[in-house]
Amino acid sequence: VGDLKEHDLKGKRVFVRVDLNVPLDDSQKITDDTRVRAAVPTIKSLMEHGARVILCSHLGRPKGVTPKYSLKPLVPRISELLGVNVEMANDCIGEEVEKMVAALPDGGVLLLENVRFYKEEEKNDPGFAKKLASLADLYVNDAFGTAHRAHASTEGVTKFLKPAVAGYLMQKELDYLVGAVANPKRPFAAIVGGSKVSTKIGVMESLLEKVDLLLLGGGMIFTFYKAQGYSVGSSLVEEDKLILATSLLEKAKSKGVSLLLPTDVVAADKFAADANCMVVPASGIPDGWMGLDIGPDSIKAFSESLDTTKTIIWNGPMGVFEFEKFAVGTEAIAKKLADLSVAGVTTIIGGGDSVAAVEKAGLADKMSHISTGGGASLELLEGKSLPGVLALDDA
Ligand code: 3PG
């Protein structure tokens, strides 16, 4: 883990910030354990080196102590994955916690209660950070999903606890989302989807500087169409982003990036799973109809354009994939990337919705890398630095 091989881990108390912010259903059952599984390699390595592991995470966005947001429901799954009984503390600081840490055997694991039960966490309060730091001898940050937050457990704590290094998951995320994007094998393609231009503008602008090919899909394409004077029916359009859309198209041209917009779309008569639908040319969506997916010609053109690429990054679905009828475009792209990945192309899936789509299609294990970060991966792809990464010793 990080440079930690150089330090003697045996018997050392290691504060490990992980992102166990997983979705739970009404009966407090984990509905997607990806983040728990992703945290395992670092924890196991520390255990094997005889460290005393203190796990710290947030869950949700509680306002104060809220039983619904306790990390307790995660204990059985973490214990199972690690093959040990993970102890759970009722707090994340204080005397009781200190006693539990002191009682940890070498290779033992203690999970602290939700760090966001203290408002000082999100405020990055130095006093609180110092209390967290006082629990351990060294710090490992493996919470990539939370690295865009400058909070006490991700940033502040490093001012009081050294060494402060990245865990394996953090390292892998950075290798792909920064490394592979900065030095891609070319041709390098980006596929950007999602409903809004406004949330993806930073990503598109940043990627336009790096890619050879940019494919656009999802609800945001209708803002581009409208900017080009097409009739978009009742499709989602951000009127205040029309000029921006035009300037992006121009920027692509001036940079020599080939930018593909879908040439046909699946239009629906309402925004619903049981809507009537038909395939129409992108330039002429009838009044009263809205585009909810990319059409078959576009799928074909997109797929063919990807055939010669060596690196692909994908962020955002092609359509409203939550509705079966409008999941075809997103699934086809997921399948295409899986096939290319198997053939040796580097495929990187960054961001919440496209990850969910790939998982829904059962293709997650085919991709080179699937990011565990939503907001964090978006910010990295926008070219921003993450506070949780900058705070580490070898940043
Ligand atoms: C996430 O799910 O994106 C991370 O766990 C961060 O959560 P937050 O958006 O509540 O800070």
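Residues numbered from 1 in each chain as written. Predicted model: local features only at pLDDT ≥ 70, side-chain atom pairs only at ≥ 80, totals over all residues.

J.: Can you lay out the nonpolar core for me, pointing to particular residues and giving the numbers?
T.: Considering soluble globular proteins, one finds that nonpolar side chains tend to be buried as a cluster. The biggest cluster of nonpolar side chains holds 123 residues, and the ones touching the most others in it are Phe-15, Val-16 and Ile-54. The biggest single contributor to this core is helix H1 (residues 34-48), with 6 residues. Two domains each provide a minimum of three residues to this core, namely domain 1 (4-166) and domain 2 (173-381). When residues no more than four places from it in sequence are discounted, the contact partners of Val-16 are Thr-42, Ile-43, Leu-46, Val-53, Ile-54, Leu-55, Cys-56, Val-140, Asp-142 and Gly-167. (Core = buried A, V, L, I, M, F, W, Y, C linked by C-beta atoms within 7 Å. Buried ≥ 20, exposed ≤ 12 C-beta atoms within 10 Å, placed from the backbone. Helix = DSSP H or I, 4+ residues; strand = E, 2+ residues; numbered from the N terminus. Domains from an automatic or database assignment. Contact = placed C-beta atoms within 7 Å.)

J.: Give a description of the confidence of the model for the chain that names residues and reports values.
T.: Within the chain, residue pLDDT values average 95, and 98% of them lie at 70 or more. For this predicted complex, the interface score ipTM comes out at 0.98, while the overall pTM is 0.91. (pLDDT = per-residue confidence, 0-100.)

J.: Give me the lowdown on the site of the ligand, citing residues and values where you can.
T.: Neighbouring the ligand are the residues Asp-19, Asn-21, Arg-61, Gly-145, Thr-146, Arg-149, Gly-374 and Gly-375. The residue inventory of the shell around the ligand, partitioned by class, reads no nonpolar, 5 polar and 3 charged. (Near = placed C-beta within 6 Å. Nonpolar A, V, L, I, M, F, W, Y, C, P; charged D, E, K, R; others polar.)

J.: Could you give me a rundown of the UniProt feature "binding site: ATP" (unreviewed entry) in the chain, with the residues and numbers involved?
T.: Under the UniProt annotation, the feature "binding site: ATP" (unreviewed entry) is placed at Lys-200, Gly-291, Glu-322, Gly-351, Gly-352, Asp-353 and Ser-354. Over a stretch of 155 residues, the named residues are scattered through the fold, their C-alpha atoms separated by up to 22.6 Å. With respect to the secondary-structure elements, Gly-352 resides in helix H12 (residues 352-360). Judged by the 29 C-beta atoms lying within 10 Å of it, Ser-354 is buried. Setting aside residues no more than four positions away along its own chain, Ser-354 makes contact with Trp-314, Asn-315, Gly-316, Pro-317 and Ile-349. (UniProt positions renumbered as here; feature names shortened; annotations may be inferred.)

J.: Residues and numbers for the environment of Phe-128, please.
T.: On the secondary structure map, Phe-128 appears in helix H5 (residues 126-133). Along the chain, Phe-128 and Ser-153 lie 25 residues apart, while their C-alpha atoms are 8.9 Å from each other. Dropping the residues within four chain positions of it, Phe-128 is found in contact with Tyr-118, Glu-120, Glu-121 and Ala-152.

J.: Would you mind going over unusual backbone geometry in detail, with residue names and values included?
T.: Each neighbour pair has its own omega, and for Lys-162 with Pro-163 the value is -5 degrees, a cis peptide bond. Structurally, Pro-163 is set in the loop between strand E5 (138-141) and strand E6 (164-166). Residues other than glycine seldom take positive phi values, yet Asn-124 does so here, at roughly 55 degrees. Position of Asn-124 relative to the elements: it lies in the loop between helix H4 (119-123) and H5. In this structure Asn-124 comes out as partly exposed when scored by C-beta crowding, with 19 C-beta atoms within 10 Å.

J.: Outline the UniProt feature "binding site: substrate" (unreviewed entry) in the chain, supporting the account with residue identities and numerical values.
T.: Annotation from UniProt places "binding site: substrate" (unreviewed entry) at Asp-19, Leu-20, Asn-21, His-58, Leu-59, Gly-60 and Arg-61. A stretch of 43 residues holds the annotated residues, and the largest C-alpha distance among them is 13.0 Å, short enough that they meet in one place. Apart from the residues within four sequence positions on either side, Asp-19 is in contact with Arg-35, Ser-57, Ala-143, Phe-144, Gly-145, Thr-146 and Thr-372. Looking at the element boundaries, Arg-61 is found in the loop between strand E2 (52-56) and helix H2 (75-82). On the basis of neighbour counts, which here come to 10 C-beta atoms within 10 Å, the residue Arg-61 falls in the exposed class.

J.: I'd like a description of the sheet that holds strand E7 (residues 188-192), backed by residues and values.
T.: Spatial ordering of the open sheet is given by E10-E8-E7-E15-E16-E17, a layout of 6 strands whose pairing is parallel. What marks the edges here is a single partner per strand, and that holds for strand E10 (258-260) and strand E17 (369-370). Taken together, the 3 bridges between strand E8 (residues 213-216) and E10 define a ladder with parallel strand orientation. Bridge assignment links Leu-215 to a residue of E10, and that residue is Leu-260. In this fold helix H6 (residues 168-182) packs onto strand E15 (311-315), strand E16 (346-349) and E17, with an angle of close to 115 degrees to the strand it touches most, E16. Sitting on the sheet, H12 is in contact with E15, E16 and E17, with an inclination near 115 degrees to E16. (Pairing = 2+ DSSP bridges. Axes fitted to C-alpha atoms, helices over the stretch in contact; angles between N-to-C directions.)

J.: Which residues make up the sheet that holds strand E11 (residues 264-268), and what values do they have?
T.: Pairing in this open sheet of 3 strands is antiparallel, and the strands run E12-E11-E14 from one edge to the other. Both outer strands of the open sheet, strand E12 (277-281) and strand E14 (290-294), are each paired with one neighbouring strand and no more. Pairwise comparison of adjacent strand axes, ignoring direction, gives a mean angle of 40 degrees for this sheet. Of the pairings in the sheet, the one linking E11 to E12 comprises 5 bridges and is antiparallel in character. Bridge pairing in E12 places Ala-268 opposite Cys-277.

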